[in-house]
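# Structure at a glance
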Number of protein chains: 2
Amino acid sequence: MTQNIYDNDEFFAGYSRLGRSVAGLDGAAEWPSLRAMLPPLRGARIVDLGCGFGWFCRWAREQGAAAVRGIDVSEKMLARARAETADPAITYERADLETLDLPERAFDLVYSSLTFHYLENLERLLGQVHRAAAPGGRLVCSVEHPVYTAPTRPGWITDADGRKHWPVNCYQLEGARTTDWLAPGVVKHHRTMTTHLNLLIELGFALRRIEEWGPTAEQIAAQPNLAEERERPMFLLIAADRA
Amino acid sequence: MTQNIYDNDEFFAGYSRLGRSVAGLDGAAEWPSLRAMLPPLRGARIVDLGCGFGWFCRWAREQGAAAVRGIDVSEKMLARARAETADPAITYERADLETLDLPERAFDLVYSSLTFHYLENLERLLGQVHRAAAPGGRLVCSVEHPVYTAPTRPGWITDADGRKHWPVNCYQLEGARTTDWLAPGVVKHHRTMTTHLNLLIELGFALRRIEEWGPTAEQIAAQPNLAEERERPMFLLIAADRA
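Fair warning: this is a prediction, and the values are worked out from it, not measured in the lab. (Residues numbered from 1 in each chain as written. Chains lettered and ligands numbered in written order. Predicted model: local features only at pLDDT ≥ 70, side-chain atom pairs only at ≥ 80, totals over all residues.)

## Observations regarding the overall build of chain A
The following threshold applies: A run of H or I in DSSP becomes a helix once it reaches four residues, and a run of E becomes a strand once it reaches two; helices and strands are each numbered from the N terminus. Restricting the calculation to C-alpha atoms gives the radius of gyration, and the globule rule supplies 2.2 Å times the number of residues raised to the power 0.38. Comment: burial labels come from other C-beta atoms within 10 Å of the residue's own C-beta, placed from the backbone, where a count of 20 or more is buried, 12 or fewer is exposed, and between is partly exposed.
The helix and strand inventory of chain A stands at nine helices and eleven strands. In terms of C-alpha radius of gyration, chain A reaches 18 Å, essentially the compact-globule figure of 18 Å for 243 residues. Considering only C-alpha atoms, chain A reaches an extent of 55 × 40 × 35 Å along its principal axes. The 243 residues of chain A split such that 46% are buried.

What follows is the structure in structure tokens.
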């Protein structure tokens with residue numbers, strides 16, 4: 001089973017204070033890029049893998065989605081999602097994405113935001129995603145970028161001229177990386193760009209768009225601390241269609 | 001016009017001593033990965049963009065290619081290519097890839113090894129490549145990986161524990177990077193992974209396989225200095241088909 005760090009009290013308290021937890025989708029700097037990859041949502045059947053507080057589920061219904069199924073491993077997150085949702089077309093379900101079985105050809109959109117890097121066995125889940133996507137259906141997902149997840153000891157370094165660098169090592173060594181982020185001992189899984197993209201191609205997805213999120217000038221003006229994200233790619237966003 | 005650094009005497013002398021210049025395709029560590037991306041070559045019409053000494057052109061003919069056209073901007077490289085080739089089905093031509101026009105639907109394979117990062121305007125050339133590929137034809141190319149080309153001052157750093165890191169900065173800032181490699185003032189152009197892949201998708205290519213070359217255990221055993229290439233992705237290899 002994937003580490004369920006979101007049900008750790010310290011992690012959950014820290015996560016609940018992040019901009020994306022307080023302000024929802026608009027609190028996530030990469031959301032405009034991810035949103036631009038979505039298909040038309042009117043009438044769409046959607047599953048959100050790692051739905052968290054349910055922000056995307058509720059937004060998708062506002063855009064006219066027919067039905068949205070949110071899945072997450074965290075009881076704490078689902079409890080808040082349920083408390084903030086009053087819409088019978090949105091259902092929440094607790095499940096471990098490592099062992100999840102999805103119905104066949106059931107969804108026009110499979111959405112997943114910053115979840116896949118927690119999984120040990122992404123290959124199995126992507127197989128389920130392909131099976132669950134209707135013909136012509138789309139996967140839109142974000143993960144922490146491989147350049148961001150690779151380092152065994154992540155952290156900015158600043159050179160003599162004050163220029164920030166992101167030191168990459170162990171890029172080719174896929175597997176678990178343990179960091180102290182919001183709580184000690186958070187386990188994420190590093191995979192190369194190659195692995196993400198070839199898994200999708202081999203399953204029969206057609207890649208439609210790849211983004212390596214970086215902040216816009218407007219975002220940096222509003223939030224100067226985002227400037228460092230021009231130095232490295234932080235998030236990888238992928239849109240792929242089932243043939 | 002692209003900087004024609006290969007006709008610089010100092011650069012050419014240095015380049016001529018590299019393993020890949022002395023031993024040909026087998027002297028390039030990424031060659032086995034690139035070769036695995038090729039379509040069947042028997043009877044194929046091929047163009048090699050940045051053909052250099054013509055190693056690939058001659059090898060492709062040995063595999064049964066019908067005709068191979070090698071294009072390069074360097075007079076010095078083409079002179080050696082011509083001197084080492086006695087095969088009327090291989091033709092060499094000097095041209096600037098920034099302004100090259102290719103015939104329509106004329107090639108089953110467009111091949112390019114470590115050339116595209118010298119181009120200022122890759123978009124134009126890839127448009128020509130798409131136009132020149134026969135329906136079902138394939139592009140197989142390698143470029144220096146965006147993680148490798150990004151840094152404004154590239155160079156390994158070693159931490160207190162002796163671990164090597166590759167410091168990435170300015171990843172999101174595309175454009176020229178000037179380094180001293182074999183000769184001073186070599187200009188290469190940094191583009192993100194996003195840019196490479198989305199250019200191809202938008203032109204109508206279907207991405208078939210992406211590789212971020214890293215050395216195998218056997219390669220490291222034979223050439224221990226390759227071990228550092230496990231720390232960072234050095235080359236990006238792409239196979240894409242014209243629909």
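## Examining the sheet that holds strand S4 (residues 107-113) of chain B
All names here are of chain B. Counted only if it meets this: Here the rule is simple: two strands pair whenever DSSP picks up at least two bridges between them. Lines fitted to the C-alpha atoms define the axes, with helices restricted to the stretch that makes contact. Angles between their N-to-C directions range from 0 to 180 degrees. Two residues qualify as a contact pair if the distance between their C-beta atoms, derived from the backbone, is within 7 Å.
Taken in spatial order, the seven strands make up an open sheet running S3-S2-S1-S4-S5-S11-S10, and their pairing is mixed. Of all strands in the sheet, those with a lone pairing partner are strand S3 (90-94) and strand S10 (205-213), marking the two edges. On average, each strand axis in the sheet is tilted by 15° relative to the strand beside it, whichever way the strands run. With respect to the sheet, helix H4 (residues 55-62) is in contact with strand S1 (45-49), strand S2 (67-72), S3 and S4, its orientation differing from that of S2 by roughly 175°. Of the strands in this sheet, strand S5 (133-144), S10 and strand S11 (235-242) touch helix H8 (residues 193-203), which is tilted by about 160° from S10.

## Examining the interface of chain B and chain A
Quick note on the threshold: Each residue receives one of three labels: charged for Asp, Glu, Lys and Arg, nonpolar for Ala, Val, Leu, Ile, Met, Phe, Trp, Tyr, Cys and Pro, and polar for the others, Gly being one of them.
With 31 residues of chain B at the interface, the matching set in chain A holds 31 residues. Where the side of chain B that touches chain A is concerned, the elements lending two or more residues are strand S7 (164-168), H8 and S10 of chain B. Counting residues per element, the side of chain B that touches chain A draws most heavily on S10 of chain B, which supplies seven residues. Its residues assigned to classes, the side of chain B that touches chain A shows 15 nonpolar, seven polar and nine charged. Of the strand pairs in this sheet, strand S7 (residues 164-168) of chain A and S7 of chain B are connected by three bridges, and their pairing is antiparallel. Note that in S7 of chain B the partner of valine 168 of chain A across the bridge is tryptophan 166 of chain B.

## Let's talk about the nonpolar core
To be explicit about the condition: Definition of nonpolar core: a set of buried Ala, Val, Leu, Ile, Met, Phe, Trp, Tyr and Cys residues joined via C-beta atoms within 7 Å.
Of all hydrophobic cores here, the largest spans 136 residues; its most connected members are Ile46 and Val110 of chain A together with Ile46 and Val110 of chain B. Excluding residues that lie within four positions of it along the chain, valine 110 of chain A makes contacts with Val47, Leu49, Val129, Ala132, Ala133 and Leu139 of chain A.

## Overview of the environment of leucine 114 of chain A
Inspection of the secondary structure assignment puts leucine 114 of chain A in the loop between strand S4 (107-113) and helix H6 (122-132). Not counting chain neighbours up to four residues away, the residues in contact with leucine 114 of chain A comprise Ser142, Val143 and Glu144 of chain A.

## Quick notes on helix H1 (residues 9-16) of chain A
Residues and elements named next belong to chain A. This is how the line gets drawn: This arc is built from the directions going out from the helix axis to the C-beta atoms.
Within the span of H1, buried status applies to Phe11, Phe12 and Tyr15. Projected down its long axis, H1 shows its buried positions confined to an angular sector of 95°, all on one face. Facing away from the buried surface of H1 by more than 90 degrees, the exposed residues are Asp9, Glu10 and Ala13.

## Re the relation of the copies chain B and chain A
Just so we agree on the cut-off: Our superposition of the copies is a least-squares fit, built on the C-alpha atoms of residues whose pLDDT is at least 70 in both.
Laying chain B over chain A is done by rotating through 180° and shifting 0.0 Å along the axis; what remains is an RMSD of 0.0 Å. Each copy turns onto its partner about a two-fold axis. Every residue of chain B has its C-alpha some distance from the rotation axis, and the shortest such distance is that of proline 167 of chain B, at 2.1 Å. Of the residues that chain B buries at the interface, 100% are likewise interface residues in chain A, meaning the two copies contact each other through the same surface.

## Quick word on helix H5 (residues 75-83) of chain B
Along H5 of chain B, the residues that are buried comprise Lys76, Met77, Leu78 and Ala81 of chain B. Contacts made by the buried residues of H5 of chain B are with helix H1 (9-16), S2 and S3 of chain B.

## Quick notes on the sheet that holds strand S6 (residues 157-158) of chain B
Strand order in this open sheet of four strands is S6(A)-S7(A)-S7(B)-S6(B), and the pairing throughout is antiparallel. The open sheet has two edge strands, strand S6 (157-158) of chain A together with S6 of chain B, and neither has a second partner. In this sheet, S7 of chain B lies alongside S6 of chain B in antiparallel orientation, the contact comprising two bridges. What sits directly across from threonine 158 of chain B, in S7 of chain B, is lysine 164 of chain B.

## With respect to unusual backbone geometry
Residue and element names in this part refer to chain A. A positive phi angle is found at cysteine 170, which is not glycine, with a value near 55°. Examined against the element boundaries, cysteine 170 turns out to sit in the loop between S7 and strand S8 (175-181). Judged by the 20 C-beta atoms lying within 10 Å of it, cysteine 170 falls in the buried class. In this model, leucine 182 sits at a positive phi of 75°, which is unusual for a non-glycine residue. Examined against the element boundaries, leucine 182 turns out to sit in the loop between S8 and strand S9 (183-190). The class for leucine 182 is partly exposed, based on 18 C-beta atoms found within 10 Å.

## Observations concerning the environment of leucine 119 of chain B
Within the element layout of this structure, leucine 119 of chain B appears in the loop between S4 and helix H6 (122-132). Put simply, leucine 119 of chain B and lysine 188 of chain B are 69 residues apart on the chain and 7.4 Å apart in space, counted from C-alpha to C-alpha.

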